[in-house]
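Here is what each chain is made of, one letter per residue.
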Amino acid sequence: MDELRLGWEPDNLTPLADIEGRMRSYGAQGVTLLGNGTLLFITGGDDPENDAKRGLNEARFLTDFQPVELKEGGYLVKFHRAVAVFVGAEEFNAMRSDIDRRLSELCFPGEHFIVPDGSTQLLQLVGLYARGKLQKDCYSFNFYKRL
């Protein structure tokens, strides 16, 4: 049986050093940063890379998201209390036309794009884009570092 995959799993365009710097400025410790901008808030464990692999194995099934616009710019898209994806403001702006054009590829087969009450279409586009980045990290594992 084939795995359910998005048609487009975009590459992270925000430098990982920038994401790391932002997370450190927030005082984040013990956070695992992956190559496509995924952040894992997994506590304990002696092997961060193996813990990240196990976490991503479960994260690939997450579909709901909550985008938060950061006051310093950019977005943190939460999928679970232990999983988020960083989307830089410049990254999103650079990709906006591609996101609009490829929106159907950021949805799973049969999924419909609905903007929930209290949200904006912009934040939902950020969330769908971040979900694509998360899927890329899930299927093309690239451990960067544990902060």
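Everything numeric in this text was worked out from a predicted model, so none of it was measured.

Caption draft 1: Local environment of the packing of aromatic side chains. Counting across every chain of the model gives three aromatic pairs. With a centroid separation of 6.0 Å and 70° between ring planes, the pair formed by Tyr75 and Phe92 is classed as edge-to-face. Here Phe92 lies in helix α3 (residues 89-101) and Tyr75 lies in strand β4 (residues 75-80), a separation of 17 residues in the sequence. Exposure remark for Tyr75: the relative accessible area of 7% places this residue in the buried category.

Caption draft 2: View of the sheet that holds strand β5 (residues 83-87). Across the sheet, six strands lie side by side as β3-β4-β5-β2-β1-β6; this open sheet has antiparallel pairing. Two strands close off the open sheet at either side, each with one partner strand: β3 (66-69) and β6 (143-146). Between one strand and the next, the sheet's axes are offset by a mean angle of 25°, whatever the strand orientation. Relative to β6, strand β1 (residues 32-34) is paired through three bridges, and the arrangement is antiparallel. Paired with Thr32 across the bridge in β6 is Arg146. Contacts from helix α1 (residues 16-25) reach β1, β2 (38-40), β5 and β6 within the one sheet, and its direction differs from that of β6 by about 25°.

Caption draft 3: Broad picture of the packing of α3 against helix α4 (residues 121-139). Contact geometry for α3 and α4: axes closest at 11 Å, N-to-C directions at 90°. Compared by their axis directions, α3 and α4 come out roughly perpendicular. In this structure, α3 uses Glu91, Phe92, Met95, Arg96, Ile99 and Asp100 to contact α4, whose residues at the interface are Leu122, Leu125, Val126, Tyr129 and Lys133. Classifying every residue of the contact of α3 with α4 by side-chain character gives seven nonpolar, no polar and four charged.

Caption draft 4: Examining α3 more closely. Between its first and last C-alpha, α3 extends 19 Å over 13 residues, near the 18 Å set by a 1.5 Å rise per residue. For α3, the complete set of buried residues consists of Glu91, Phe92, Met95 and Ile99. For α3, the elements touching its buried residues are β4, β5 and α4.

Caption draft 5: Structural view of the pattern of salt bridges. This structure, assessed with the given rule, holds ten salt bridges. One salt bridge connects Arg102 with Glu105, and the closest N-O pair in it is separated by 2.9 Å. Take Arg102: its relative accessible area is 22%, and that puts it in the partly exposed class. Overall, the relative accessible area of 27% leaves Glu105 in the partly exposed class.

Caption draft 6: Representation of the nonpolar core within the structure. Formed by 27 residues in total, the largest nonpolar core has its most connected members in Phe79, Val83, Val87, Ile99 and Leu134. Residue assignment for this core shows that the elements contributing at least two residues are α2 (48-59), β4, β5, α3 and α4. It is α4 that provides the largest number of residues to this core, a total of eight residues. The residues contacting Val83, other than those within four sequence positions of it, are Thr38, Leu39, Leu40, Phe41, Ala59, Leu62, Val77, Lys78 and Leu134. Leu16, Ile19, Val31 and Leu33 belong to the second largest nonpolar core, which has twelve residues in total.

Caption draft 7: Region of the structure containing the side chain of Glu9. Summarising the element assignment, Glu9 is placed in the segment before α1. By relative accessible area, which is 14% here, Glu9 ends up buried. A distance of 2.8 Å separates a polar atom in the side chain of Glu9 from a polar atom in the side chain of Arg5. Sequence-distant contacts of Glu9, that is, excluding residues within four places in its chain, are made with Gly132, Gln135, Lys136 and Tyr139.

Definitions and limits used
All residue numbers refer to positions counted from 1 along the written sequence of the respective chain. The predicted origin of the model limits local features to residues at a pLDDT of at least 70 and limits the giving and counting of side-chain atom pairs to 80 or more, whereas totals for whole chains, interfaces and linings rest on all residues. No hydrogens and no water enter the side-chain calculation; it runs on all heavy atoms of the structure. Any Phe, Tyr or Trp ring, taking Trp's six-membered ring, that has another such ring centre within 6.5 Å forms a pair; planes under 30 degrees apart are called stacked, those over 60 apart edge-to-face, and the others tilted. Secondary structure follows DSSP: runs of H or I at least 4 residues long count as helices, runs of E at least 2 residues long count as strands, and numbering of each begins at the N terminus. Throughout, exposure labels follow a simple rule: accessible area from a 1.4 Å probe, protein chains only, divided by the maximum for the residue type, with under 20% read as buried, over 50% as exposed, and the rest as partly exposed. Strand pairing follows a simple DSSP-based rule, namely that at least 2 bridges must link the two strands. Whenever a helix is involved, its axis is fitted only over the stretch in contact; in every case the axis is a line through C-alpha atoms, and angles between N-to-C directions fall within 0 to 180 degrees. Between two residues, a contact is recorded if the distance between any of their heavy atoms is within 4.5 Å. Note on angle classes: values under 35 degrees are labelled roughly parallel, values over 145 roughly antiparallel, values of 65 to 115 roughly perpendicular, and the remainder oblique. Classification convention: Asp, Glu, Lys, Arg as charged; Ala, Val, Leu, Ile, Met, Phe, Trp, Tyr, Cys, Pro as nonpolar; all other residues, Gly among them, as polar. Here the expected length of a helix is defined as 1.5 Å per residue gap, with one fewer gap than residues. We count a salt bridge whenever a side-chain nitrogen from Lys or Arg sits within 4 Å of a carboxyl oxygen from Asp or Glu. Residues belong to one nonpolar core when they are buried, are Ala, Val, Leu, Ile, Met, Phe, Trp, Tyr or Cys, and are joined through side-chain atoms within 4.5 Å. Polar contact is the term for a pair of N or O atoms within 3.5 Å; when the atoms are in protein, one must be able to donate a hydrogen and the other to accept it, and sequence-neighboring residues count only if both atoms are side-chain atoms.

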